[in-house]
Amino acid sequence: MSRESSRWSFLIAEAILIVVSILLAFAIDAWWADRQVTIEERELLAGLEAEFEFQRSELDRHMERWASVRDGTERLIQITASGVAPSPVVMDSLLFLFLTPTTFDPRQGSLDALTVSGNLGTIRNRELRTRLAAWRGVVEEVRDNEVAMRGFILSVVTPYLAREGVPLARSRALLTSAGLTADRAPGQWPGELPSDAEAARAYAELVADPEFEVLVGTRYGWINVDEYADAIAFVDELLAMITAESR
């Protein structure tokens, strides 16, 4: 081989080595970047998994509570139809359920942070991203009836009961002890409660009042426990997708 041929062979080999080195560097950079994205994605998924496990437990709790509200309201419908009030203790409990104003308030810091920061795209599964984006609509579907009925209770039912002389303190005491008042902290009613005799007279007049019957029927028409079951099914599917993506 001539000296010129050797020189060209050396230059070609050197060029190939440089190209291979560059390609290898690109490959290492791509691998490292992909690894970092994978780590970040798994951290995000872990946060979302914990968050939606909490959402599911909250939905379970609210569904159970609203099933009780539904059953209690059905009992009130039967009572107003008969016009005969049960014992004051029973009416206290039924009004307690009837006046329950709680709403489902999801804690979704991880999802909100992802959405606001624009990092939702870090999750590479498009279907999972779509499901996460749909969660807000599921929450609104659950909350719309709750919010409407909270306003109905506070602006219509409570003023009516106060105007009719119903001993609200007795049911309010139950709400307080259950932690369902505005501060959500269980406690004891600080004031004196009306006697059973006073309550019995007020409740007898209440269940015989056609206006109260209409209010009970209106409240009942807005109770939809199936919305909670649908939301729970949605969360279960979402959690299954998160678990599969985390593997």
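Provided above is the structure to which this section pertains.
Residues numbered from 1 in each chain as written. Predicted model: local features only at pLDDT ≥ 70, side-chain atom pairs only at ≥ 80, totals over all residues. Heavy atoms only, no water.

### Remarks on empty space enclosed by the protein
Our working definition: Think of a 1 Å grid over just the protein atoms. A cavity is a set of points where a 1.4 Å probe fits yet cannot get out, a pocket is an open set with protein on both sides within 12 Å along at least five of seven lines, and lining residues have an atom within 4 Å of a point. Grid points are joined across faces, edges and corners, and a volume is the space filled by probe spheres set on the points. Under the DSSP-based scheme used, a helix requires at least four consecutive residues in state H or I and a strand at least two consecutive residues in state E, with every element numbered from the N terminus.
Summed over all chains, the structure comprises 1 cavity of 30 Å³ or more. For the lining of the largest cavity, the leading source of residues is helix α4 (residues 126-163), giving 4 residues.

### Notes on the environment of D230
Heads up, the rule is: Using a 1.4 Å probe on the protein chains alone, a residue whose accessible area is under 20% of its type maximum counts as buried, one over 50% counts as exposed, and one in between counts as partly exposed.
Its place among the elements puts D230 in helix α8 (residues 226-246). The exposed category is assigned to D230, whose relative accessible area is 55%. With 92 residues separating them along the chain, D230 and V138 place their C-alpha atoms 8.6 Å apart.

### Looking at the packing of helix α2 (residues 88-98) against helix α7 (residues 210-221)
Going by this rule: Axis angles are defined between N-to-C directions and span 0 to 180 degrees, where every axis is a line fitted to C-alpha atoms and, for a helix, only to the segment in contact. An angle below 35 degrees is read as roughly parallel, one above 145 as roughly antiparallel, one from 65 to 115 as roughly perpendicular, and any other as oblique. We call two residues contacting when some pair of their heavy atoms lies within 4.5 Å. Gly counts as polar in this scheme, as do all residues outside two lists: the nonpolar Ala, Val, Leu, Ile, Met, Phe, Trp, Tyr, Cys and Pro, and the charged Asp, Glu, Lys and Arg.
Between α2 and α7, the least distance of the axes is 12 Å, while the angle of their chain directions is 50 degrees. Between α2 and α7, the angle is such that the two are oblique. Residues L95, L97 and F98 of α2 pack against F212, L215, V216 and R219 of α7. Of the residues assigned to the contact of α2 with α7, the class counts are 6 nonpolar, no polar and 1 charged.

### Considerations on the packing of aromatic side chains
Selection criterion: Put simply, two rings from Phe, Tyr or Trp (the six-membered ring, in Trp's case) pair if the centres are within 6.5 Å, and we call them stacked under 30 degrees between planes, edge-to-face over 60, tilted for the rest.
Counted under the stated rule, the structure contains 4 aromatic pairs. Ring plane angle 75 degrees and centroid distance 5.2 Å describe the contact between F52 and W135, whose orientation is recorded as edge-to-face. One end of the pair, F52, is in helix α1 (residues 3-82); the other, W135, is in helix α4, with 83 residues separating them in the sequence. The exposure class assigned to W135 is buried, which follows from its relative accessible area of 1%. With a centroid separation of 6.4 Å and 10 degrees between ring planes, the pair formed by Y160 and F212 is classed as stacked. Taken together, the residues Y160 in helix α4 and F212 in helix α7 connect sequence positions 52 residues apart. We note that Y160, like F212, is buried. Of the aromatic side chains, those joined through ring pairs into one cluster are F52, W135 and F234.

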